Amino acid sequence: MMTLLPKTHIDFVKKRFIFFTISGLVTLTGIISLSTKGLDLGLDFTGGTLVQVKFEKPVEISVLRKALEAAGIEAGIQTFTGGNSFALKVKGALQSVNETADKMDAALKAIPGNSFAEEKRDYVGPVVGRDLSKKAIFAILLSMFGIIVYVAFRFSNPVWGTAGVIGLLHDVFVAITAMSLTGREVDLVVVAAFLTIAGYSINDTIVIFDRMRENMRNFPKMHMGQLINMSINECLSRTIITTLTVFVTVLVLFLFGGTGINNFAFAMLIGTITGVYSTIFICSPIVFQWEHRPK
Amino acid sequence: MNKLHWKIGTVLGLLILSFWLLYPSVEWYTKTNDDRAKTEAMRMRPKRILNLGLDLRGGTHMLLELDVEKLDKKEKLNDAMTRAIEIIRNRIDQYGVGETPISRQGERWISVDLPGISNTEEAENLIGKTALLEFRLVNTSNEAQAVLSKVDGMSEPPFDKAGVLAPEIAKMLPKGTMIYKAAAGAEGDRVRYYILDATVPVTGAYLESARVETDRQFGTPSIGFTFNKEGGKLFENFTGANVNKYLAIVLDGVVHSAPVIKSRIGGGSGVIEGSFTLEEARNLAIILRAGALPAPVSIIEKRVVGPGLGEDSIKKGLGASLAGFVLVVLFMMIYYKGGGFIADVALLLNFVFLLAAMSYFSATLTLPGIAGMILALAMAIDANVLILERMREEMHLSKPVAMVIPTGYDKAWSAILDSNMTTWIASIFLFQFGSGPVKGFAVTLTIGLLIGMFTSVFVTRVIYEFWLTSNPKELSI
C-alpha cells in the first residue's frame, strides 16, 4: 500500500490562535488592497467596449497607445505572449454599439506599414452590467443561505453550518484579495470561479464535519478538542490527496489553458489552497471555540 | 438472475444508451465543415446533439432590448416579446445561417447567438431594424411649404440627438401633420424633409410578400410588394380617393420615395424605389416579409468572437483539460493500484454519461462549461478517494475483504452525499445568472455532480461486488 502520510497526531486545535491571526492578517490585507487598489471589474460589470486585434507584424505597445490617443481614445491595452495580439478596452462607455470599436479600428488602420485582423469585439451596454452585478450578488446570497439551511438540517446544529459558511466566505474573500493584489480582472467567468470555490470549500468542510459527527457518536464522552484533532488527522491523507488532484488539474489549466480561462484558473488555484486551509484551521476550530465559549 | 446481475445490466444498459445518444454528435462533428454547412442549409441538422458555444466555434452574440415605451398601449408585453422573437427568428431563417439560438432574457431582453457570421453589421441591420412600413399622404399646403423652407434655411438639423423636434419648427407645423427625413441621397446632397399627414391609412402589416426587383432600364434594385386581400382593398380605396396627391412610402420613420398617385391602384401591389444596393434591397425584402417588430429594439450587448480565436481556445482548453485528466487518472492508478483503476473506469463512464446527457438536452458546451465539467469530475474522484481511504482504514483493522468493501462504502456515503449536495445547491443558484457563460458552467456542474455520484458510488460498487464473487483474499488499494 502506497501512503503519503504516516498516521498523524497533530494538535490543530491548540494552535488555532496562530491561524486565526494569519487569517486575520490576510483579511486585513484584503481590506486594505480592496480599499486602495480596488478590483479590476471586467466589461461584464462596468459596460464598455473591447476589441482584440492581431497584427501581421510585431508592433510596440507605445505605438498603439499613441495611435489611439491621437483618435481621442483612452484604452487599456493588454498584450498576449507569443503573438502580436492585443486587447484594447474602454470601460464604462455609454456610446452605441459600434461607435467606440469603429473609432478604434480607424485609429489602428492609421498605423503605417502594418495590418491587423479583428479577432474579437465585445460591447456591453451599461444596463447589462448593472443587471449582472445584481444577479451575481443575489446568487451568492441565495446559495449561502441554502448551504446554511442544508448543513443545519443534516448536522442538526446551526453552529456547524455557520462555521462552514464563515470558512466559505473566508475562502472567497481570500480569492478576491488575490485578484485585487495581482490586478487581475474580475469578469463573469471569475465570478463563476468564486462560486465554485464556495462550493469546493464547503465540500471540504463537510467531509471533516461528517467525521466529527461520526466520532461524536462513537466516543460521546471524548473532549471536543481531542475529537476535532482526531477527526482532522484521520481525514488528513484524503484531504491532501483530493486537494492535490484538483490542484494539479487547475494548475494545468492555469499554465496551458489559454487566455480565455487563465483568470478563472488563477482564482481556482488560490481557492483550492485556501479551501483546505480554512477547513482545517478555521472551520473546525470555530466549532471548538463555540462549544468552549465562556457561559 | 440475482441482484448483482440487475445492477450490472443497469450499468451496461446505460452505457449502450449513452453511446446511442452520443452517436449523432460524433457523426456530426466528424463531418467536414462544408458538409456541415450543407446539411444546415437543408435544415437537416440533427436535433439532439451537443452544441458548441460561440466562444468555441466563433460567432456573434447579441442582446437586444425592446423599447417598451414605444409599444402599442393595447399590446401586452409578453405577447410583444413572443412576437418580436418570432419575427427575428423568421428574418434569420430567411437570411440563411445555421442553428441560431434565440431566447428571451428577463423582462424585455432578447438574446441572439449567431454562429460563424463574419459580417456582423449586416446581421445587426437584419435583426435590429423595426421594419415598420407606412404609407402616408404628403401635405403640400402653403404652411407646410413655409416649414420646409425654414428648415432648409437652418444650419442644424431640426431634430436633436434624441430625435426631439426643435420647438420653433413644431410650432409652425400644420395641424395633424408630422415632419419626416428623406432617405440619404448621393453623398454631398442636402438632407431633405417631408411634411406628412399624421394618419396612416395602410401599413406594412397588410403585406403578403416582398421581393427584390431590378429596373429594366437602369438595373437599379427596388423592392416589390404585394398586399393581402384586406390591405389591397384599403390601398385601392385610399389611392382612389387621393388621385394627383403625393404618396410617401415611409420605412422606420424615413421617407424612401414619394411618387404622385396617378390613378386608383388596384391589384394590391407596388414598388418601393430608392437608392438601394442589391444587398440592401435583398435584406429589406427579407425583413418586410418577416414583418415589423412590435417596437424598436436596441443592441445593448454584442460579443463577436472570430473563428480563429474560437478554434484556438478550444484547442488550448481541451488540451489542458485532457492533460489534467490524464494526470489524475495516472495518479489514482499508481497510488491506489486496483482500487484506483476501478475509480478511473468510473471516471471514464462519468465522462461518457455526462456528454450523452448533454447531447440529449442539446446543451451548449462553452469554455466555462468545460471548467464545470472538470470540477464535477474532480468531485467524483474525491468521492472515490473518500471510499478508498475508508477501505484502507478498515483494512488496518484486519477485516476480511468481503467486509472491508461494504463498510468502506457505508461509512463514506454520508460525507459524499452531504458534500455533493452542498456544492449542488451552490451550482443550482448559478442558473440565476441566466447569461451564457455562467449558465454553461452551471449546466455541466449540475448534471456532472449528479452523474458523478452515480458513477463513483454505484458503478464502482457494482465492479467490486462482481469481483467479490470470485472470492478474493486480498484487496489491492
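Rules of the game
Residues numbered from 1 in each chain as written. Chains lettered and ligands numbered in written order. Predicted model: local features only at pLDDT ≥ 70, side-chain atom pairs only at ≥ 80, totals over all residues. Helix = DSSP H or I, 4+ residues; strand = E, 2+ residues; numbered from the N terminus. Rg over C-alpha atoms; globule rule 2.2 N^0.38 Å. Buried ≥ 20, exposed ≤ 12 C-beta atoms within 10 Å, placed from the backbone. Contact = placed C-beta atoms within 7 Å. Nonpolar A, V, L, I, M, F, W, Y, C, P; charged D, E, K, R; others polar. Domains from an automatic or database assignment. Axes fitted to C-alpha atoms, helices over the stretch in contact; angles between N-to-C directions. Left-handed = near helix turned anticlockwise from the far one by under 90°. Core = buried A, V, L, I, M, F, W, Y, C linked by C-beta atoms within 7 Å. Expected span 1.5 Å × (residues − 1). Pairing = 2+ DSSP bridges. Parallel < 35°, antiparallel > 145°, perpendicular 65-115°, else oblique.

Draft legend 1. Local environment of the overall build of chain B. Across its full length, chain B carries 13 helices and 15 strands. For chain B, whose C-alpha radius of gyration is 32 Å, the value lies well above the compact-globule estimate of 23 Å for 477 residues. Per-residue burial for chain B yields a buried fraction of 41% across its 477 residues. Put simply, of all contacts in chain B between residues at least 6 apart along the chain, 73% involve residues at least 24 apart.

Draft legend 2. Structural detail: the overall build of chain A. Assigned secondary structure in chain A consists of nine helices and six strands. Over its C-alpha trace chain A gives a radius of gyration of 24 Å, far above what one expects of a compact globule, namely 19 Å for 295 residues. Principal-axis analysis of the C-alpha atoms places the extent of chain A at approximately 80 × 45 × 30 Å. Taken over 295 residues, chain A has a buried fraction of 47%. Contacts in chain A between residues at least 24 apart in sequence constitute 79% of all its contacts with a sequence separation of at least 6.

Draft legend 3. Representation of the interface of chain B and chain A within the structure. Opposite the 56 residues of chain B that make contact, chain A presents 55 residues. Elements that contribute at least two residues to the side of chain B that touches chain A include exactly β14 (297–305), α10 (307–360), α11 (367–396), α12 (401–430) and α13 (436–468) of chain B. A total of 15 residues in the side of chain B that touches chain A trace back to one element, the largest contributor, which is α10(B). Among the residues forming the side of chain B that touches chain A, the class breakdown is 32 nonpolar, 14 polar and ten charged.

Draft legend 4. Just the domain arrangement of chain A, in detail. When its domains are assigned, chain A resolves into domain 1 (16–42 + 128–291) and domain 2 (48–124). Using only C-alpha atoms to locate each centre, domain 1 of chain A and domain 2 of chain A end up separated by 38 Å.

Draft legend 5. Highlighting the domain arrangement of chain B. Taken domain by domain, chain B consists of domain 1 (3–32 + 306–468), domain 2 (59–129) and domain 3 (133–290). One C-alpha centre belongs to domain 1 of chain B, the other to domain 3 of chain B; they are set 63 Å apart.

Draft legend 6. Geometry of the environment of Arg211(B). All names here are of chain B. Secondary-structure assignment places Arg211 in strand β9 (residues 207–214). Note: C-alpha distance between Arg211 and Tyr23 (188 residues apart in sequence) is 41 Å. The contacts of Arg211, once residues within four sequence positions are left out, are Gly224 and Ala285.

Draft legend 7. Region of interest: the packing of helix α5 (residues 126–154) of chain A against helix α6 (residues 158–182) of chain A. Residues and elements named next belong to chain A. At a closest axis distance of 7 Å, the pairing of α5 and α6 adopts a crossing angle of 145 degrees. Judged by the sense of rotation from one axis to the other, the crossing of α5 with α6 is right-handed. Only Pro158, Trp160, Gly161, Thr162, Gly164, Val165 and Leu168 of α6 make contact with α5, whose side of the interface consists of Met144, Ile147, Ile148, Val151 and Ala152. Partitioned by chemical class, the residues of the contact of α5 with α6 number nine nonpolar, three polar and no charged.

Draft legend 8. Representation of the nonpolar core within the structure. Formed by 203 residues in total, the largest nonpolar core has its most connected members in Ala175(A), Phe194(A), Phe264(A), Ala267(A) and Leu288(B). With 18 residues, the top contributor of residues to this core is α11(B).

Draft legend 9. Spotlight on helix α9 (residues 262–291) of chain A. Helix length check: α9(A) (30 residues) gives 42 Å between terminal C-alpha atoms against 44 Å at 1.5 Å per residue, within 8%. For α9(A), the buried fraction is high: 24 of the 30 residues fall into the buried class.

Draft legend 10. Structural view of the sheet that holds strand β11 (residues 247–251) of chain B. Residue and element names in this part refer to chain B. One open sheet accounts for six strands, arranged β7-β6-β12-β11-β5-β8; its pairing is mixed. In this open sheet, the two strands that pair with only one neighbour each are β7 (193–197) and β8 (202–203). Pairing between strand β5 (residues 133–137) and β8: two bridges, direction antiparallel. Looking at β8, one finds that Phe135 is bridged to Val202.

Draft legend 11. Focus on the sheet that holds β9(B). Residue and element names in this part refer to chain B. The three strands are arranged β9-β10-β13 in an open sheet whose pairing can be described as antiparallel. Single-partner strands in this sheet number two, and they are β9 and β13 (269–272). Across the sheet, the axes of successive neighbouring strands diverge by a mean angle of 25 degrees, strand direction being ignored. Bridge count for strand β10 (residues 221–227) against β13 is four bridges, and the pairing is antiparallel.

Draft legend 12. Local environment of the packing of helix α4 (residues 77–95) of chain B against helix α9 (residues 278–290) of chain B. Residues and elements named next belong to chain B. Remark: α4 packs on α9, axes separated minimally by 9 Å, with the N-to-C direction vectors making an angle of 140 degrees. One element, α4, and the other, α9, form an angle in the oblique class. Read as a crossing pair, α4 and α9 show a hand that is right-handed. Facing Ile87, Asn90, Arg91, Gln94 and Tyr95 of α4, the residues of α9 in contact are Ile286, Ile287, Arg289 and Ala290. Partitioned by chemical class, the residues of the contact of α4 with α9 number five nonpolar, two polar and two charged.

Draft legend 13. Structural view of α6(A). Its 25 residues place the ends of α6(A) 36 Å apart at the C-alpha level, agreeing with the 36 Å of an ideal helix rising 1.5 Å per residue. Just downstream of α6(A), Gly183(A) is the residue with a positive phi angle, here 70 degrees.

Draft legend 14. Main features of the environment of Asn229(A). Residue and element names in this part refer to chain A. Inspection of the secondary structure puts Asn229 in helix α8 (residues 224–256). A count of 20 C-beta atoms within 10 Å places Asn229 in the buried class. Sequence separation between Asn229 and Ser284 is 55 residues, and the spatial gap between their C-alpha atoms is 9.0 Å. If near-sequence neighbours (up to four positions away) are discounted, Asn229 is found in contact with Asp11, Phe12 and Val13.

Draft legend 15. Structural detail: unusual backbone geometry. Residues and elements named next belong to chain B. Even without a glycine there, the phi angle at Asn244 is positive, about 75 degrees. Tracing the backbone shows Asn244 in the loop between α8 (229–241) and β11. The exposed category is assigned to Asn244, around which 8 C-beta atoms lie within 10 Å. Phi at Asp252 takes a positive value of approximately 50 degrees, unusual for a residue other than glycine. As for its position among the elements, Asp252 is in the loop between β11 and β12 (254–257).

Draft legend 16. Region of interest: the pairing of strand β2 (residues 59–66) of chain B. Residue and element names in this part refer to chain B. Extensive coverage of β2 is indicated by the burial of eight of its eight residues. The side-chain alternation of β2 yields two buried faces, one formed by Gly59, His61, Leu63 and Glu65 and the other by Thr60, Met62, Leu64 and Leu66. Judged from the seven bridges that link them, β2 and strand β4 (residues 109–115) form a sheet pairing that is antiparallel. Along β4, the bridge assignment pairs His61 with Asp113. In this sheet, β14 lies alongside β2 in antiparallel orientation, the contact comprising eight bridges. Counted as the bridge partner of Leu64 is Ile299 from β14.

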